[in-house]
Amino acid sequence: MPVQPRADLHSLPSYVAGKTVPGAVKLSSNETPGGPLPSVAKAIAEATADINRYPDISVGKLARRLAEKLAVPSEQVSVGCGSVALCQQLVQAMCAPGDEVLFAWRSFESYPIVSQIASAVPVTVPLDAGHRHDLTAMAAAVTPKTRVVFVCNPNNPTGTVVRREELERFLDAVPSDVLVVLDEAYREFVTDADVPDGMDYVRGRDNVAVLRTFSKAYGLAGLRVGYFAGPEAVAEAVRKVYVPFSVNTLAQIAAMASLDAEDELFARCRTIVAERDRVRTELIEAGYEVPETQANFVWLPLGERAMDFAEHALANKVVVRAFAGDGVRVTISHPEENDLFLHAARSYRRTS
Ligand SMILES: *Cc1c(COP(=O)(O)O)cnc(C)c1O
């Protein structure tokens, strides 16, 4: 008999990364377009002097800085190798085989994958007709086996948000032993004042956690660092299943340098937000349905035309992220790159 991996891994979907095509503009991974700030690049360069040493296994300095910023005790914070790693750690830390992980669909594609890796059962609730979380249906889908609920706010890939009142109603409805994880990977792009800061609930309730990342607004996708804030017992369990040393030294240093440079980074975010609103308006003028978005991307619910649209965009030197039969997600970038995409979108309507 040959060696055999776990039989159930056959049915596990692989994470599909946004494609990189030489010569084409990449609008498929929700990265920010600017390169590293000079201050961050300098900190990284200086930190290379120590890479013969292991990283700080506790990521202590960064965790303490984050705790201060978030106004919680540092025991409630865990830093991870990107927030996808933290999603996986969370499910591992919370779920025994057969326990349920609840989330909307379509949402972040890691949720079903990390659930299955942990032998938990992914349970999905369809988005509503406006491509938004249906929190009433999600509350009704909680069972005695539900251990974790992911609420992605803003939602990847639709960009839609849940607002304060509906979220509070949902949190009131969910049993106290179910952990609600607010995945706020795009928090820094939110401009709608009715979208709550998840940290308000981490500080006020015992079963709410927040996930954030340095990959999007902070521009460190290549270095892999994200963070969790939540109940102390969960933060501790998340640290228990951490792969030792996986947040590397350069990532830790770059994250701290980026916290020092928030003013500059958030100014960049504001230009992305202005572009987001322009791109959405122009797409609507061109005849597309585009849900209101609070993230650094737009969603085109093209259904069966999603793959065809993505091919057309690629022929026009623009890589977008298509989800077959569902829609296309397009990252907002510099004005010139956005214009290239808008040109592709307009010419698609003309030829089809
Ligand atoms: C991009 C993204 C993340 C995290 O990415 P990392 O690079 O692993 O930190 C998490 N959640 C959502 C919804 C995302 O879109």
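Every value quoted in this text rests on a predicted model; they were computed, and no experiment measured them.

1. Digging into the sheet that holds strand E11 (residues 321-323)
Pairing in this open sheet of three strands is antiparallel, and the strands run E9-E12-E11 from one edge to the other. Strands at the two margins of the open sheet, each flanked by one partner only, are strand E9 (297-300) and E11. On average, each strand axis in the sheet is tilted by 20 degrees relative to the strand beside it, whichever way the strands run. Relative to strand E12 (residues 327-331), E9 runs antiparallel, the two sharing four bridges. Residue pairing in the sheet places Phe297 in a bridge with Thr331 of E12.

2. Looking at the UniProt feature "modified residue: N6-(pyridoxal phosphate)lysine" (unreviewed entry) in the protein chain
Mapped onto the present numbering, the UniProt feature "modified residue: N6-(pyridoxal phosphate)lysine" (unreviewed entry) falls on Lys216. Residue position: Lys216 is located in the loop between strand E7 (208-213) and strand E8 (226-229). The buried category is assigned to Lys216, whose relative accessible area is 14%. Residues within four places of Lys216 in sequence aside, it is in contact with Ser29, Asn30, Thr32, Ala185, Tyr186 and Phe189.

3. Details of the packing of helix H1 (residues 38-47) against helix H9 (residues 249-260)
Where H1 meets H9, the closest approach of the two axes is 9 Å, and the angle between their N-to-C directions is 150 degrees. Classified by the angle their axes make, H1 and H9 are roughly antiparallel. Crossing of H1 over H9 shows right-handed handedness. Contacts between H1 and H9 involve Val40, Ala43, Ile44 and Ala47 on the former and, on the latter, Leu250, Ile253, Ala254, Ala257 and Ser258. Here the contact of H1 with H9 is built from residues that sort into eight nonpolar, one polar and no charged.

4. Considering the domain arrangement of the protein chain
In terms of domain boundaries, the protein chain breaks down into domain 1 (7-36 + 263-351) and domain 2 (40-260). Put simply, the middle of domain 1 and the middle of domain 2, counted by C-alpha atoms, are 23 Å apart. The partner domain 2 presents 32 residues to the 32 residues of domain 1 that form the contact. Taking both partners together, domain 1 and domain 2 bury about 2,700 Å²; carbon and sulfur atoms supply 60% of that area. The largest contributions to the domain 1 side of the interface with domain 2 come from Tyr15, Leu265 and Gln294, which together make up 23% of the buried area. Asp326 is the partner of Arg106 in a salt bridge, and the nearest nitrogen-oxygen pair spans 2.7 Å. If you list the elements that add at least two residues to the side of domain 1 that touches domain 2, you get helix H10 (262-285), E9 and E11. Here the element with the most residues in the side of domain 1 that touches domain 2 is H10; it accounts for six residues. Split into classes, the residues belonging to the side of domain 1 that touches domain 2 amount to 16 nonpolar, eight polar and eight charged.

Rules and cut-offs
- Residues numbered from 1 in each chain as written.
- Predicted model: local features only at pLDDT ≥ 70, side-chain atom pairs only at ≥ 80, totals over all residues.
- Heavy atoms only, no water.
- Pairing = 2+ DSSP bridges.
- Helix = DSSP H or I, 4+ residues; strand = E, 2+ residues; numbered from the N terminus.
- Axes fitted to C-alpha atoms, helices over the stretch in contact; angles between N-to-C directions.
- UniProt positions renumbered as here; feature names shortened; annotations may be inferred.
- Buried < 20%, exposed > 50% of the residue type's maximum accessible area, 1.4 Å probe, protein only.
- Contact = heavy atoms within 4.5 Å.
- Parallel < 35°, antiparallel > 145°, perpendicular 65-115°, else oblique.
- Left-handed = near helix turned anticlockwise from the far one by under 90°.
- Nonpolar A, V, L, I, M, F, W, Y, C, P; charged D, E, K, R; others polar.
- Domains from an automatic or database assignment.
- Buried area = accessible area lost by both parts, 1.4 Å probe.
- Salt bridge = Lys/Arg side-chain N within 4 Å of Asp/Glu carboxyl O.

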